[in-house]
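Secondary and tertiary structure notes
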Amino acid sequence: MHVDLTGRRAIVTGASSGIGRAVAEGLAAAGARVVLADLDAEAGERVARDLHGCAFQRTDVASRDDCRRLVDRTVELLGGVDILVNNAGLQHVAPIEELPEERWEHLIRVMLIGAFLLTMYSISHMYRGHWGRIVNIASIHGLVASPYKSAYIAAKHGLLGLTKTVALEAGEKGVTVNAICPAYVRTPVVEKQIADQAKVHGISENEVIERIMLARAAVRRLLEPSEVAAYALFLCSDAASGITGAAQLMDAGWTAR
Ligand code: NAD
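Residues numbered from 1 in each chain as written. Predicted model: local features only at pLDDT ≥ 70, side-chain atom pairs only at ≥ 80, totals over all residues. Heavy atoms only, no water.

Notes on the layout of surface pockets
If you add up the space inside the largest pocket, you get close to 870 Å³. As for the largest pocket, its lining consists of 38 residues, and the residues nearest its centre are N87, G89, L90, T187 and V189. Taken together, the elements giving at least two residues each to the lining of the largest pocket come down to α1 (18-29), β2 (33-38), α4 (101-129), α5 (150-170) and α6 (188-201). For the lining of the largest pocket, the leading source of residues is α6, giving four residues. Split by domain, the residues of the lining of the largest pocket number at least three in each of domain 1 (9-182 + 224-243) and domain 2 (184-222). Estimated volume of the second largest pocket: approximately 620 Å³. The set of elements that each furnish at least two residues to the lining of the second largest pocket consists of α6 and α7 (205-213). In terms of residues, the lining of the second largest pocket owes the most to one element, α6, which gives seven residues. In terms of residue class, the lining of the second largest pocket is built from 11 nonpolar, seven polar and four charged. For the lining of the second largest pocket, the domains that each give at least three residues are domain 1 (9-182 + 224-243) and domain 2 (184-222). (1 Å grid on protein atoms, 1.4 Å probe; cavity = no way out; pocket = protein on both sides within 12 Å on 5 of 7 lines; lining within 4 Å. Points joined across faces, edges and corners; volume = space filled by probe spheres on them. Helix = DSSP H or I, 4+ residues; strand = E, 2+ residues; numbered from the N terminus. Domains from an automatic or database assignment. Nonpolar A, V, L, I, M, F, W, Y, C, P; charged D, E, K, R; others polar.)

Following this line, the structure appears as structure tokens:
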């Protein structure tokens, strides 16, 4: 499907790597101008340099000031914000009694409070043009749980609540708000998890993928970042203007059983 986003102005967080990078590249290829935001300035600058009409802004989405600056700079550079993709995220795997309190708070701050702040600061710009798209990259862990990931799972469940609430507020103002909920996607974070788990369990990396990561999946492979980006691009299209407040499953059949 061809999506034309010429003239649209977008912010993508966590855009230096993995899914965020693929989404930023997809939006730019569809004609949008994108401000890529991430903690990792070196990689982010490199990605942005190759994308026509795009820029990088170093941003810690756990910081209220950085979130405010990101939206202000986008408006200054591009004249407004039409698309916001809340994607920045990280994982911490530990039993609840061992999860450091500050770490728990940090994950909530990055994946939930950051998404709230960026939504809050940018939505009035979307209302002004009576057109907007907010795509929150949640996870299958926004809908179901696994042990040892309490902070991540609480943040992603919260992100679905934020998605639905803002969708109800924004529906009559031309703005849709959706969450994409992928199962395992082949990104640097997951590749590291595969290597770590192979060491811990004393099995091969292929066995980690087959026996641990794909145990519940019907499509027995990791998803690619480009597949998530294609879904995000569709949600930003005019064809998706009737889709809002929804958790868009991309779980390879994980929750079908
Ligand atoms: P990734 O590590 O490749 O990319 C995450 C990016 O977020 C990195 O560039 C990192 O620097 C950035 N980031 C982290 N903390 C930040 C902060 N405080 N401020 C700004 N940027 C920050 O990981 P990914 O797999 O591409 O993950 C992207 C999103 O997709 C995350 O929200 C993740 O939870 C979600 N997700 C990933 C998978 C998967 O299997 N890879 C599955 C479901 C959902």
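Overview of the pairing of strand β7 (residues 247-250)
Residues Q248 and M250 line the buried face of β7, whereas the alternating positions A247 and L249 sit on a face that is not buried. The sheet contact formed by strand β6 (residues 175-182) and β7 spans four bridges and is parallel. Each residue of the ladder has a partner; that of A179, found in β7, is A247. (Buried < 20%, exposed > 50% of the residue type's maximum accessible area, 1.4 Å probe, protein only. Pairing = 2+ DSSP bridges.)

Remarks on the site of the ligand
The full set close to the ligand counts 27 residues, and S17, D38, Y152, V185 and T187 are the nearest of them. One of the backbone N or O atoms of V61 is found 3.0 Å from a nitrogen atom in the ligand. With respect to the ligand, the side chain of T187 contributes an N or O atom lying 2.7 Å from an oxygen atom. Relative to its unbound accessible area of 820 Å², the ligand is 90% covered by the protein chains. Cavity membership is defined here by more than half of the atoms lying within 2 Å of grid points; on that basis the ligand lies in the largest pocket. Sorting the residues of the shell around the ligand by element identifies α1, α5 and α6 as the ones contributing at least two each. Ranked by the residues each element gives to the shell around the ligand, the list is headed by α6, at three residues. Each residue belonging to the shell around the ligand can be placed in one class, and the counts come to 15 nonpolar, nine polar and three charged. Each of two domains, domain 1 (9-182 + 224-243) and domain 2 (184-222), supplies a minimum of three residues to the shell around the ligand. (Near = heavy atom within 4 Å. Polar contact = N/O pair within 3.5 Å; in protein donor to acceptor, adjacent residues only side chain to side chain. Areas by Shrake-Rupley, 256 points an atom, 1.4 Å probe, with all protein chains shown as cover. Sits in = over half its atoms within 2 Å of the grid points.)

Section: the pattern of salt bridges
Taken as a whole, this structure holds 10 salt bridges when the rule is applied. In this structure, R69 engages D66 in a salt bridge whose closest nitrogen and oxygen atoms are separated by 2.8 Å. A residue pair is termed a helical-turn pair when its members lie 3 or 4 positions apart in one helix, as R69 and D66 do in helix α3 (residues 64-78) at three residues. Note on R69: relative accessible area 46%, which makes it partly exposed. Here D66 falls in the buried class, since its relative accessible area comes to 12%. Notably, a salt bridge pairs R133 with D238, separated by 3.9 Å at the nearest N-O pair. Within this pair, whereas R133 is found in strand β5 (residues 132-137), its partner D238 is found in the loop between α8 (225-235) and β7, the two being separated by 105 residues in sequence. (Salt bridge = Lys/Arg side-chain N within 4 Å of Asp/Glu carboxyl O.)

Considerations on the environment of G31
Here G31 is to be found in the loop between α1 and β2. Note: C-alpha distance between G31 and L160 (129 residues apart in sequence) is 28 Å. Ignoring sequence-local partners within four residues, the contact set of G31 consists of L5, T6 and G7. (Contact = heavy atoms within 4.5 Å.)

Observations regarding the domain arrangement of the protein chain
Domain annotation of the protein chain identifies domain 1 (9-182 + 224-243) and domain 2 (184-222). Taken over C-alpha atoms, the centre of domain 1 sits 25 Å from the centre of domain 2. Listed by partner, the interface residues are 10 residues for domain 1 and eight residues for domain 2. Buried area between domain 1 and domain 2, summed over both chains or domains, comes out near 680 Å², and the portion from carbon and sulfur atoms is 53%. (Buried area = accessible area lost by both parts, 1.4 Å probe.)

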